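# Close look at the chain arrangement
These are the residues of each chain, in order.
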Amino acid sequence: MRYRLFALHSRLVSCSILCLLVLCTGDLSVTAQSPVDGIDARANTTELAQKLGNVDPLVRQRSAEALARLAAVDQKKLVEGYQLQEKNKEVRLALDWALYRMGHSEPLFRIVRELDSGRQSQAVGYLSELESPDLLYPFLKKENNPPRVNAGLLKALARIGNAETLNVIKPYLESLQPYVAEAAEIANDEIEKRLGQESTPTSMRPRTVGKPEPE
(Lines give C-alpha, C1' and ligand atoms only; values in the text may rest on other atoms or scores of the structure.)
Protein backbone atom coordinates (compact mmCIF):
# COMPACT_ATOMS: atom_id res chain seq x y z
CA MET A 1 0.00 0.00 0.00
CA ARG A 2 2.81 2.35 0.92
CA TYR A 3 4.55 1.51 -2.33
CA ARG A 4 1.43 2.35 -4.34
CA LEU A 5 1.03 5.67 -2.55
CA PHE A 6 4.69 6.46 -3.11
CA ALA A 7 4.39 5.58 -6.82
CA LEU A 8 1.26 7.72 -7.15
CA HIS A 9 2.96 10.61 -5.38
CA SER A 10 5.99 10.30 -7.67
CA ARG A 11 3.78 10.38 -10.76
CA LEU A 12 1.96 13.49 -9.52
CA VAL A 13 5.26 15.24 -8.82
CA SER A 14 6.57 14.26 -12.26
CA CYS A 15 3.42 15.55 -13.95
CA SER A 16 3.64 18.82 -12.02
CA ILE A 17 7.26 19.32 -13.02
CA LEU A 18 6.43 18.51 -16.63
CA CYS A 19 3.59 21.04 -16.64
CA LEU A 20 5.85 23.68 -15.13
CA LEU A 21 8.49 23.01 -17.78
CA VAL A 22 5.93 23.33 -20.55
CA LEU A 23 4.60 26.58 -19.13
CA CYS A 24 8.08 28.00 -18.63
CA THR A 25 9.09 27.01 -22.14
CA GLY A 26 5.99 28.70 -23.49
CA ASP A 27 6.74 31.85 -21.53
CA LEU A 28 10.33 31.88 -22.73
CA SER A 29 9.18 31.42 -26.32
CA VAL A 30 6.75 34.34 -26.02
CA THR A 31 9.41 36.48 -24.37
CA ALA A 32 11.99 35.68 -27.01
CA GLN A 33 9.59 36.63 -29.79
CA SER A 34 8.07 39.65 -28.07
CA PRO A 35 8.07 42.58 -30.49
CA VAL A 36 9.97 45.74 -29.79
CA ASP A 37 7.57 48.71 -29.91
CA GLY A 38 4.98 46.37 -31.36
CA ILE A 39 7.12 45.21 -34.29
CA ASP A 40 9.44 42.22 -34.36
CA ALA A 41 12.82 43.38 -35.63
CA ARG A 42 13.03 40.09 -37.53
CA ALA A 43 9.79 40.76 -39.40
CA ASN A 44 9.83 40.07 -43.13
CA THR A 45 9.66 43.51 -44.73
CA THR A 46 8.70 42.00 -48.09
CA GLU A 47 5.61 40.42 -46.56
CA LEU A 48 4.73 43.68 -44.82
CA ALA A 49 5.08 45.60 -48.09
CA GLN A 50 2.81 43.12 -49.86
CA LYS A 51 0.08 43.92 -47.35
CA LEU A 52 0.04 47.51 -48.64
CA GLY A 53 -2.16 46.15 -51.41
CA ASN A 54 -4.65 44.58 -49.02
CA VAL A 55 -8.31 45.52 -49.52
CA ASP A 56 -8.64 46.41 -45.81
CA PRO A 57 -7.37 49.99 -45.25
CA LEU A 58 -6.58 49.24 -41.61
CA VAL A 59 -4.26 46.42 -42.70
CA ARG A 60 -2.57 48.77 -45.15
CA GLN A 61 -2.14 51.45 -42.48
CA ARG A 62 -0.69 49.03 -39.93
CA SER A 63 1.68 47.61 -42.55
CA ALA A 64 2.91 51.09 -43.46
CA GLU A 65 3.44 51.90 -39.78
CA ALA A 66 5.36 48.66 -39.29
CA LEU A 67 7.62 49.49 -42.24
CA ALA A 68 8.11 52.96 -40.77
CA ARG A 69 9.08 51.55 -37.38
CA LEU A 70 11.60 49.27 -39.07
CA ALA A 71 12.81 52.06 -41.40
CA ALA A 72 12.67 49.44 -44.15
CA VAL A 73 14.61 51.29 -46.85
CA ASP A 74 14.67 48.12 -48.95
CA GLN A 75 10.93 48.69 -49.57
CA LYS A 76 11.18 52.43 -50.28
CA LYS A 77 10.42 52.23 -54.02
CA LEU A 78 7.38 50.09 -53.41
CA VAL A 79 6.11 52.39 -50.67
CA GLU A 80 6.58 55.40 -52.96
CA GLY A 81 4.38 53.74 -55.57
CA TYR A 82 1.64 52.87 -53.10
CA GLN A 83 1.72 56.39 -51.64
CA LEU A 84 1.02 57.91 -55.06
CA GLN A 85 -2.01 55.72 -55.70
CA GLU A 86 -3.46 55.45 -52.19
CA LYS A 87 -6.92 57.03 -51.86
CA ASN A 88 -7.52 56.45 -48.16
CA LYS A 89 -6.28 59.51 -46.25
CA GLU A 90 -5.30 57.64 -43.08
CA VAL A 91 -3.30 55.10 -45.06
CA ARG A 92 -1.67 57.82 -47.15
CA LEU A 93 -0.61 59.61 -43.98
CA ALA A 94 0.91 56.37 -42.65
CA LEU A 95 2.76 55.92 -45.95
CA ASP A 96 4.12 59.46 -45.66
CA TRP A 97 5.44 58.60 -42.21
CA ALA A 98 7.04 55.46 -43.60
CA LEU A 99 8.71 57.44 -46.39
CA TYR A 100 10.04 59.98 -43.90
CA ARG A 101 11.49 57.19 -41.79
CA MET A 102 13.09 55.79 -44.94
CA GLY A 103 14.98 59.01 -45.59
CA HIS A 104 12.63 61.38 -47.41
CA SER A 105 12.27 64.84 -45.86
CA GLU A 106 9.30 66.21 -47.81
CA PRO A 107 6.71 63.88 -46.20
CA LEU A 108 7.33 65.59 -42.86
CA PHE A 109 5.79 68.79 -44.27
CA ARG A 110 2.71 66.83 -45.36
CA ILE A 111 2.40 65.20 -41.94
CA VAL A 112 2.50 68.60 -40.24
CA ARG A 113 -0.22 69.88 -42.61
CA GLU A 114 -2.40 66.96 -41.55
CA LEU A 115 -2.52 68.46 -38.05
CA ASP A 116 -5.18 70.76 -39.45
CA SER A 117 -7.48 67.86 -40.34
CA GLY A 118 -9.52 65.08 -38.80
CA ARG A 119 -6.32 63.04 -38.67
CA GLN A 120 -4.61 65.28 -36.12
CA SER A 121 -4.25 62.54 -33.50
CA GLN A 122 -2.65 60.22 -36.03
CA ALA A 123 -0.22 62.92 -37.16
CA VAL A 124 0.63 63.86 -33.56
CA GLY A 125 1.41 60.22 -32.86
CA TYR A 126 3.93 60.11 -35.69
CA LEU A 127 5.53 63.44 -34.82
CA SER A 128 5.88 62.25 -31.24
CA GLU A 129 8.25 59.55 -32.51
CA LEU A 130 10.71 62.01 -34.02
CA GLU A 131 14.26 61.65 -32.77
CA SER A 132 14.48 65.30 -31.68
CA PRO A 133 12.06 68.16 -30.89
CA ASP A 134 14.37 70.45 -32.87
CA LEU A 135 12.74 69.16 -36.06
CA LEU A 136 9.43 70.72 -35.05
CA TYR A 137 10.66 74.18 -34.04
CA PRO A 138 10.78 75.61 -37.60
CA PHE A 139 7.19 74.52 -38.19
CA LEU A 140 5.99 76.03 -34.90
CA LYS A 141 7.72 79.35 -35.63
CA LYS A 142 6.05 79.75 -39.02
CA GLU A 143 3.74 82.71 -39.28
CA ASN A 144 0.08 82.29 -40.14
CA ASN A 145 -0.10 78.70 -38.99
CA PRO A 146 -3.68 77.53 -38.50
CA PRO A 147 -4.50 77.16 -34.79
CA ARG A 148 -4.86 73.37 -35.08
CA VAL A 149 -1.38 73.07 -36.58
CA ASN A 150 0.20 74.99 -33.69
CA ALA A 151 -1.86 73.06 -31.15
CA GLY A 152 -0.87 69.76 -32.75
CA LEU A 153 2.81 70.68 -32.78
CA LEU A 154 2.60 71.60 -29.11
CA LYS A 155 0.95 68.26 -28.34
CA ALA A 156 3.85 66.45 -30.00
CA LEU A 157 6.39 68.64 -28.19
CA ALA A 158 4.69 67.78 -24.91
CA ARG A 159 5.83 64.19 -25.47
CA ILE A 160 9.34 64.70 -26.85
CA GLY A 161 10.28 68.19 -25.66
CA ASN A 162 13.31 68.97 -23.52
CA ALA A 163 14.58 71.90 -21.45
CA GLU A 164 15.18 73.98 -24.57
CA THR A 165 11.60 73.38 -25.66
CA LEU A 166 10.32 75.25 -22.60
CA ASN A 167 11.80 78.48 -23.99
CA VAL A 168 10.48 77.77 -27.48
CA ILE A 169 6.88 77.31 -26.35
CA LYS A 170 6.89 80.12 -23.81
CA PRO A 171 5.43 82.76 -26.20
CA TYR A 172 2.52 80.45 -27.01
CA LEU A 173 1.35 80.43 -23.39
CA GLU A 174 -0.24 83.80 -24.12
CA SER A 175 -1.51 82.94 -27.61
CA LEU A 176 -4.96 84.16 -28.59
CA GLN A 177 -5.41 81.35 -31.12
CA PRO A 178 -8.05 78.80 -30.11
CA TYR A 179 -6.62 75.78 -28.23
CA VAL A 180 -3.02 76.98 -28.59
CA ALA A 181 -2.48 78.54 -25.15
CA GLU A 182 -4.05 75.48 -23.51
CA ALA A 183 -1.85 73.11 -25.55
CA ALA A 184 1.22 75.18 -24.67
CA GLU A 185 0.38 75.07 -20.97
CA ILE A 186 -0.09 71.30 -21.06
CA ALA A 187 3.18 70.90 -22.97
CA ASN A 188 4.98 73.09 -20.46
CA ASP A 189 3.63 71.06 -17.53
CA GLU A 190 4.39 67.70 -19.16
CA ILE A 191 7.96 68.65 -20.03
CA GLU A 192 8.67 70.08 -16.58
CA LYS A 193 7.24 66.94 -14.99
CA ARG A 194 9.38 64.71 -17.20
CA LEU A 195 12.52 66.75 -16.54
CA GLY A 196 11.84 66.53 -12.82
CA GLN A 197 11.58 62.76 -13.01
CA GLU A 198 14.75 62.46 -15.08
CA SER A 199 16.87 64.65 -12.83
CA THR A 200 18.74 62.77 -10.16
CA PRO A 201 18.65 64.22 -6.64
CA THR A 202 21.90 65.81 -5.55
CA SER A 203 23.68 63.81 -2.91
CA MET A 204 23.35 65.38 0.50
CA ARG A 205 26.58 66.22 2.27
CA PRO A 206 26.80 64.37 5.60
CA ARG A 207 26.07 66.64 8.50
CA THR A 208 28.95 67.08 10.90
CA VAL A 209 28.31 67.39 14.58
CA GLY A 210 30.54 69.89 16.30
CA LYS A 211 32.36 69.14 19.48
CA PRO A 212 30.59 70.40 22.58
CA GLU A 213 32.09 73.56 23.95
CA PRO A 214 33.81 73.19 27.30
CA GLU A 215 31.84 74.55 30.18
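Below, the structure is looked at part by part. (Residues numbered from 1 in each chain as written. Predicted model: local features only at pLDDT ≥ 70, side-chain atom pairs only at ≥ 80, totals over all residues. Heavy atoms only, no water.)

Across its full length, the chain carries eleven helices and zero strands. Counting from the amino terminus, helix and strand elements in the chain follow one another as α-α-α-α-α-α-α-α-α-α-α. Going through the 215 residues of the chain one by one, you find that 34% of them count as buried. Accessible surface, the chain: about 14,600 Å² in total, of which carbon and sulfur atoms supply 56%. (Helix = DSSP H or I, 4+ residues; strand = E, 2+ residues; numbered from the N terminus. Buried < 20%, exposed > 50% of the residue type's maximum accessible area, 1.4 Å probe, protein only. Areas by Shrake-Rupley, 256 points an atom, 1.4 Å probe, with all protein chains shown as cover.)

Although it is not a glycine, N144 adopts a positive phi angle of roughly 65°. Relative to the assigned elements, N144 resides in the loop between helix 8 (137-140) and helix 9 (147-160). In this structure N144 comes out as exposed when scored by relative accessible area, which is 77%. We note that Y179 has phi near 75°; this positive angle belongs to a residue other than glycine. If you trace the backbone, Y179 turns up in the loop between helix 10 (163-169) and helix 11 (180-198).

A few words on helix 11. Given a rise of 1.5 Å per residue, 19 residues ought to cover 27 Å, and the 27 Å separating the end C-alpha atoms of helix 11 matches this to within 8%. Taken together, the buried positions of helix 11 are occupied by V180, A181, A183, A184, A187, N188 and I191. One face of helix 11 carries all of its buried residues, which in axial projection span an arc of 155°. In helix 11, the exposed positions that point more than 90 degrees away from the buried face belong to E182, K193 and Q197. Where helix 11 is buried, its residues touch helix 9 and helix 10. (Expected span 1.5 Å × (residues − 1). Arc of directions from axis to C-beta. Contact = heavy atoms within 4.5 Å.)

Turning next to the packing of helix 5 (residues 89-101) against helix 7 (residues 120-127). To describe two helices that pack against each other, one gives the angle between their axes and the distance between the axes. Interaxial distance between helix 5 and helix 7 falls to 11 Å at its minimum, and their mutual angle equals 15°. When the axis of helix 5 is compared with that of helix 7, the two are roughly parallel. When you trace helix 5 past helix 7, the crossing you get is right-handed. Here E90, L93, A94 and W97 of helix 5 lie close against helix 7, whose contacting residues are Q122, A123 and Y126. Looking at side-chain class alone, the contact of helix 5 with helix 7 contains five nonpolar, one polar and one charged residues. (Axes fitted to C-alpha atoms, helices over the stretch in contact; angles between N-to-C directions. Parallel < 35°, antiparallel > 145°, perpendicular 65-115°, else oblique. Left-handed = near helix turned anticlockwise from the far one by under 90°. Nonpolar A, V, L, I, M, F, W, Y, C, P; charged D, E, K, R; others polar.)

This part is about a negative patch on the surface. On the surface, a cluster of negative charge is made up of E182, E185, D189, E190 and E192. If you trace the backbone, E192 turns up in helix 11. With relative accessibility at 43%, the residue E192 sits in the partly exposed group. (Patch = residues over 30% accessible without salt bridge, like charges linked within 9 Å, V, L, I, M, F, W, Y side chains within 5 Å. Salt bridge = Lys/Arg side-chain N within 4 Å of Asp/Glu carboxyl O. Lys, Arg positive; Asp, Glu negative; His and termini not counted. Charge placed at Lys NZ, Arg CZ, Asp CG, Glu CD.)

This part is about the nonpolar core. In terms of nonpolar packing, the biggest core is built from 49 residues, with L127 and L153 touching the most fellow members. Filtering out sequence-adjacent residues up to four positions away, L127 remains in contact with L108, I111, V112, L115, L136, L153, A156 and I160. (Core = buried A, V, L, I, M, F, W, Y, C linked by side-chain atoms within 4.5 Å.)

Buried within helix 6 (residues 106-113) we find P107, L108, I111 and V112. Around the axis of helix 6, the buried residues are gathered within 145° of arc, so they sit on the same side. Seen from the open side of helix 6, the exposed residues pointing more than 90 degrees away from its buried face are E106 and R113.

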